[in-house]
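Chain by chain, the residues:
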Amino acid sequence: MLPPMICLAQPDAAILARKATILAALRTLLDPTDVIADDLLLRAYETDALTAYRQRPLAVVLPHTTAQVAAVLRFALTEGIRIVPRGAGTSLSGGAVPVADAIVVGMGRFNRILEIDYADRCVVAQSGVTNFAISEAVAARNFYYAPDPSSQIACTIGGNVAENSGGVHCLKYGLTTHNVLGLEMVTPQGETLRLGGRHLDAGHYDLLGLTIGSEGLLGIVTEVTVRILPRPQTARALLIGFSSATGASDCVADVIAAGIVPAGLEMMDGPAIRAAEEFVHAGYPLGAAALLIVELDGPVAEVDELITRVHAIASRHGASSCRASADDAERQRFWAGRKAAFPAVGRISPDYLCMDGSIPRRQLAPVLLSIAELSQRHGLRVANVFHAGDGNLHPLILYDANVAGELERAEAFGSDILKLCVDVGGVLTGEHGVGLEKRDLMTYQFGPTDLEVQHRIKHVFDPQLRFNPGKVFPTLSRCSEQGREHVHANAAPSVHSALPRF
Amino acid sequence: MARPANEAELVELLSAPGPAYELVAGGTKRGIGRPMDATLLDLSAFNGVVDYEPGELVLTARPATPLNQVESLLAAQGQRLAFEPPVAVLEASKEQTLGGVLMANASGSRRVTAGSARDHFIGFRAVNGRGEAFVGGGRVVKNVTGFDLPKVLAGSWGTLAALTEVTVRVVPAAESESTLLFPVESAASAVELCSQALGSTFDVSSAAVLPARGVALRLEGLAASVTTRVAGLLAVVARRPHSQLTLAASRQFWRQVGAAAALERFPVLWRLSVAPRQAARILEAIEPEDFQLDWGGGLIWIGAREPDAARIRAALQGGHATLIRANVEQRRETAAFEPQTASVAALAMRLKAAFDPRNRLNPGRMG
């Protein structure tokens, strides 16, 4: 049965033994109050949004300036200490879970927007600024920052860079990598670099593009320059019910084939629809086997015409219900159920695991069927929500951690789903990252040479392999069950348990 | 010359000791970068579309597939490459290839709003300088599994690996398009107009400045929507266009902008990527004989008699300048690609060594 327990990187006893001197040195580099080593205070940093994995680090530092980050990293380089970068700690894949002998560099103090440039349509922000704060800062002038991960009120732009975060609108507006122009980062060697700027494209190798989505393996981002966009004139949504998942996925294919690129194109299956409707009463059709939310944005003339076209396509595919939002309040209501899908599922099950595979769009219906079969085989319920437009699945596996063996069954089920995604031509993760969670599945998607090539890139930046150890790349030696604590989601909420997730 | 027939032969060629190679398929970009002393590696056998299903919005092809063939195939399904690969500036009569466009990260006027070649390059198979076949990215648009290797290969000019298969994202083609041309008063005011248009809600897809033609703003989409937006945009910019190009005339205009056709007569051509707000200042500092702007001012094409790299690069404050056209002697003496800071250059060298430690692929081209 897979996966075996995912193990955290093993600490170096020699480093642990030098803890006192290391702390003393850090307190000379930073204000002593910005060096956290108290066991109780460290608890706030022992996990991220993958709460099943916890580990207190050696220390947490909270630098205020790039020079301080560089000083800490140079010290760590000299001393051979490992580093775990951390933004807001909202990673769903364990990207910010610490290692026992590592210094966690928390970027929360990098919280200032440095410049807003409307002429060149960009914002320069320190890396600890939240995703939403950027959009908020430019809202008065009717601009926004397009990538909108569901954790956007808490997650930081630096974390978005690390994870190449997406969101419900990335079908039309792209991921973080398509919306970042430049950044400042400090490398594991303690060097401060600027990659990109306010111009487009790289003049030599695209190290900016390489850094985005590198999951904290290549350095610590201190400043980010993002592209901002004028807010579309209008946004309208259609709520379309189907009596079969096949009808819904055929409708998705035809919308795309008709040359329409919706701003958002979401799908929910029966269990997800019912859980969401019972929770927020969004007016979802309870009898439907599948529900689509199709959002169109842009100039009014364009959106109104496209709403009509999508409506016609939905009718051709035997939609059992179809409603277009008349105003923004109604559009928000359509979304309310979708955005509440995760907590709604949390109400009908003590625990759930959220998966994040990505598949070719044409595989939606067959993959749904296979997931249903896997659900039977593993004896666990599943509710499916998808970013259907780009084939990104979020199956939510329902389980009860208090029942012996259910977490292991849930993880095995999840692992089977991700392998299924790879089998049909997709990938392990569409937007949550590999992190700890999917690390040991990397060999399922990539061959040894593919991984070796990536590993060499890691070496280019971090020859001692000290940055975010144990993440993304499978290690040769699997450890026993060390380093893993089983946690009941409701019993031990993480700092972000109230965060919307969708 | 070597001409591997398939990936296995390419692997064999590069894993065995042998000469350094200059990678060629269409050959339209051989004149860009430092001239190489290397054996030709003809990759034209890697030709043909592998998989294209319009509903997926992705296309997989072998890299030497002629771009024209890809574009016709897409057009027949009402789709296109969003990044609008420009006509080859140097050798317009030759067939450029899909792989060549990606290796040069060559994007046209729509790049400013729709993203670049690298943004739409989502997966590949390739053979590196060690003779290892490997994959990067995937065939799905949403993918964050492992390092984003397509970004590394895009714009690497064949110095890291030879592509054997590529997957690109495609998008629906616009039903209609229209281009408004306004008089140019000064570079500064022209860029301001571009910024105003690109920052408006009328979905302006491209904005260029051609001194002889005007400030050009393109709107694309459903026919009725384009008409409405043109009216809305004109009201906001409070200026009258001196002409308006629609459909084929508009498309033809942007093809010429992409090819920098207005600067064809110059023996030396530079391409600068800058913050749009810097464009007017840079032009003042360089005083070029002729120029054109694209990407709302963020892309400056400069036509000149001599490379004069020092003058061009001294004018930059951020961004980069690439020497696109020059004679062989000039290309030997001038760094075609923007020199990097010492620490970035060191990383770039290590990256090159990770892929091609024996410097067998396009040696010295980007150096």
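Just above, that's the structure.
Read on for an overview of the structure. Quick caveat: nothing in here was measured; it's all calculated off a predicted structure.

Secondary structure assignment for chain A yields 17 helices and 18 strands. In summary, chain A has a C-alpha radius of gyration of 23 Å against a globular reference of 23 Å for 502 residues, a match within 12%. Its C-alpha atoms give chain A principal-axis dimensions of roughly 70 × 60 × 40 Å. Counting the 502 residues in chain A, one finds 60% classified as buried. In chain A, of all internal contacts separated by at least 6 residues, the share reaching a separation of at least 24 is 74%.

Our next topic: the interface of chain B and chain A. Tallying the contact residues gives 70 residues for chain B and 72 residues for chain A. Where the side of chain B that touches chain A is concerned, the elements lending two or more residues are α5 (117–120), β7 (133–137), α6 (149–153), β9 (171–172), α7 (187–198), α8 (223–237), β17 (320–325) and α13 (342–355) of chain B. Of all the elements, α13 of chain B adds the most residues to the side of chain B that touches chain A, at 7 residues. Considering only residue class, the side of chain B that touches chain A consists of 28 nonpolar, 27 polar and 15 charged.

It is worth spelling out the sheet that holds strand β4 (residues 58–61) of chain B at this point. All names here are of chain B. On the basis of which strands lie adjacent, the open sheet formed by 5 strands has the order β3-β4-β8-β6-β7 and antiparallel pairing. Looking at the sheet topology across the chains shown, the edges are occupied by β3 (49–53) and β7. Taken pair by pair, the neighbouring strands of this sheet meet at an average axis angle of 15 degrees, ignoring direction.

In this fold, Met349 of chain B is placed in helix α13. Along the chain, Met349 of chain B and Lys151 of chain B lie 198 residues apart, while their C-alpha atoms are 17 Å from each other.

A few words on unusual backbone geometry. With glycine set apart, most residues show a phi of negative sign, and most peptide bonds adopt trans. Residue and element names in this part refer to chain A. At Asn164, a position not held by glycine, the phi torsion is positive, near 50 degrees. Along the chain, the position of Asn164 falls in the loop between α6 (157–163) and α7 (170–173). Given 26 C-beta atoms within 10 Å, Asn164 falls into the buried group. With a phi angle near 70 degrees, Asp201 is a residue other than glycine that sits in the positive phi range. Exposure remark for Asp201: the 26 C-beta atoms within 10 Å place this residue in the buried category.

Looking down a regular strand, the side chains alternate between one sheet face and the other. Residues and elements named next belong to chain A. Of the two faces of strand β16 (residues 351–354), the one carrying Asp351 and Leu353 and the one carrying Tyr352 and Cys354 are both buried. As judged from the 4 bridges shared by β16 and strand β18 (residues 392–399), these two strands associate in the antiparallel manner. Note that in β18 the partner of Cys354 across the bridge is Leu396.

Residues and elements named next belong to chain B. Burial runs high along strand β6 (residues 121–128): 8 of the 8 residues are buried. For β6 and strand β8 (residues 161–169), the ladder comprises 7 bridges, and the chain directions are antiparallel. By the bridge assignment for β8, Val127 is matched with Ala162. Inspection of the sheet shows β6 paired to β7 by 5 bridges, in the antiparallel sense. Counterpart to Ala126 in the pairing with β7 is Phe134.

For the rest of this paragraph, the subject is the packing of helix α10 (residues 270–280) of chain A against helix α13 (residues 341–348) of chain A. Residues and elements named next belong to chain A. With their axes 8 Å apart at the nearest point, α10 and α13 run at an angle of 90 degrees to one another. Relative to α13, the element α10 lies roughly perpendicular. On α13, the residues touching Ala272, Ala275, Ala276, Phe279 and Val280 of α10 are Ala341, Pro343, Ala344, Val345, Arg347 and Ile348.

Next up on the list: helix α11 (residues 300–316) of chain A. Between the first and last C-alpha of α11 of chain A there are 25 Å, a value that for 17 residues agrees with the 24 Å anticipated at 1.5 Å per step. Looking one or two residues beyond α11 of chain A, the residue adopting positive phi is Gly318 of chain A, at roughly 70 degrees.

Now for the environment of Arg229 of chain B. Of note, Arg229 of chain B is situated in helix α8. On the neighbour-count criterion, Arg229 of chain B (26 C-beta atoms within 10 Å) is buried. Between the C-alpha atom of Arg229 of chain B and that of Phe202 of chain B, which follows or precedes it by 27 residues, the distance is 5.4 Å. Contacts of Arg229 of chain B, omitting those with residues within four sequence positions, involve Pro299 of chain A together with Phe202, Asp203 and Leu219 of chain B.

A separate point is the sheet that holds strand β2 (residues 59–61) of chain A. Residue and element names in this part refer to chain A. On the basis of which strands lie adjacent, the open sheet formed by 4 strands has the order β1-β2-β4-β3 and mixed pairing. A single partner strand is all that each edge strand has here, and the edge strands are β1 (35–36) and β3 (82–86). Where β3 lies against strand β4 (residues 102–106), 5 bridges are found, and the strand directions are parallel. Each bridged residue has a counterpart across the sheet, and for Pro85 the counterpart in β4 is Val105. Against the sheet, helix α4 (residues 66–79) makes contact with β2, β3 and β4, and its axis sits at roughly 170 degrees relative to β4, the strand it touches most.

Reading guide: rules and limits
Residues numbered from 1 in each chain as written. Chains lettered and ligands numbered in written order. Predicted model: local features only at pLDDT ≥ 70, side-chain atom pairs only at ≥ 80, totals over all residues. Helix = DSSP H or I, 4+ residues; strand = E, 2+ residues; numbered from the N terminus. Rg over C-alpha atoms; globule rule 2.2 N^0.38 Å. Buried ≥ 20, exposed ≤ 12 C-beta atoms within 10 Å, placed from the backbone. Contact = placed C-beta atoms within 7 Å. Nonpolar A, V, L, I, M, F, W, Y, C, P; charged D, E, K, R; others polar. Pairing = 2+ DSSP bridges. Axes fitted to C-alpha atoms, helices over the stretch in contact; angles between N-to-C directions. Parallel < 35°, antiparallel > 145°, perpendicular 65-115°, else oblique. Expected span 1.5 Å × (residues − 1).

Read these as spatial facts, not as claims about activity.
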